[in-house]
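Structure assessment
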Amino acid sequence: MTAIRMAARLSLPDLIASLRRETRRADHHAELIAELRRSALTPACFVPGIEHQAAAAIVRAGLPTVEHRRRTLHRRIDEHLFLDTTARAAVRVLACWDDRAHRVLMHVAELGEPGLWDRIVVHFTQWEMTGRPVPPMAGTRGSAS
């Protein structure tokens with residue numbers, strides 16, 4: 001991943017320290033994601049909105065410390081990662097279309113501080129109840145992996 005940093009009047013040591021922090025953050029993300037993908041998944045309730053194309057912006061609007069990443073594993077299976085590095089918590093959601101049930105089934109794995117999945121469910125439920133407003137998507141970080 002290439003990051004472009006805008007540095008206004010930073011000294012070389014400050015710039016190097018900033019780049020080191022970004023590298024450590026990326027390494028921590030990679031370790032957290034690898035551990036999430038090894039974790040056991042459990043069945044979970046269906047949460048409307050997680051599948052929305054603007055999910056990253058929706059999450060950022062209500063949970064500003066949480067980063068959302070989405071990728072398609074198969075034409076009927078999407079993986080959603082929710083990473084909260086400040087709380088050292090992460091959630092992995094597999095959303096799978098079930099032909100027999102004619103609906104999306106979700107399976108979840110959670111790491112770190114418990115409660116992130118509950119916060120995600122509450123946030124998307126409130127989003128649904130307020131009419132599904134879509135926030136501006138400028139600078140959508142982590143919308144794809």
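Residues numbered from 1 in each chain as written. Predicted model: local features only at pLDDT ≥ 70, side-chain atom pairs only at ≥ 80, totals over all residues. Heavy atoms only, no water.

**What about the environment of Ala-44?**
Along the chain, Ala-44 falls in strand β1 (residues 42–44). With 51 residues separating them in the primary sequence, Ala-44 and Ala-95 have C-alpha atoms 9.8 Å apart. Apart from the residues lying within four places of it in its own chain, the contact partners of Ala-44 are Met-106, His-107, Val-108 and Trp-117. (Helix = DSSP H or I, 4+ residues; strand = E, 2+ residues; numbered from the N terminus. Contact = heavy atoms within 4.5 Å.)

**Digging into helix α2 (residues 55–62)**
Of all the residues in α2, the buried ones are Ala-55, Ala-56, Ala-57, Ile-58 and Val-59. Where α2 is buried, its residues meet β2 (67–74), β3 (77–84) and α3 (116–129). (Buried < 20%, exposed > 50% of the residue type's maximum accessible area, 1.4 Å probe, protein only.)

**Side note on the confidence of the model for the chain**
Confidence along the chain averages 85 in pLDDT terms, with 79% of residues attaining 70 or more. Per-residue pLDDT stays below 50 along residues 140–145; that stretch engages in 20 contacts with residues further than four places along the chain or on separate chains. (pLDDT = per-residue confidence, 0-100.)

**Observations regarding the side chain of Asp-98**
One can find Asp-98 in strand β4 (residues 89–98). Here Asp-98 occupies a buried position and makes no salt bridge, while the nearest side chain of opposite charge, Arg-100, is found at 4.2 Å. Not counting chain neighbours up to four residues away, the residues in contact with Asp-98 comprise Arg-103 and Leu-105. (Lys, Arg positive; Asp, Glu negative; His and termini not counted. Salt bridge = Lys/Arg side-chain N within 4 Å of Asp/Glu carboxyl O.)

**Some words on the nonpolar core**
By size, the foremost hydrophobic cluster in this structure holds 21 residues, and its most contacted members are Ile-50, Phe-82, Val-91, Trp-117, Ile-120 and Phe-124. Only α2, β4, β5 (103–112) and α3 provide two or more residues apiece to this core. The leading source of residues in this core is α3, at 6 residues. With near-sequence residues (within four places) excluded, Phe-82 lies in contact with Ile-50, Val-59, Val-66, Glu-67, His-68, Ala-89, Ala-90, Val-91, Val-93, Leu-116, Ile-120 and Phe-124. Within the second largest apolar cluster, 8 residues are counted, among which are Leu-81, Leu-83, Ala-109 and Leu-111. (Core = buried A, V, L, I, M, F, W, Y, C linked by side-chain atoms within 4.5 Å.)

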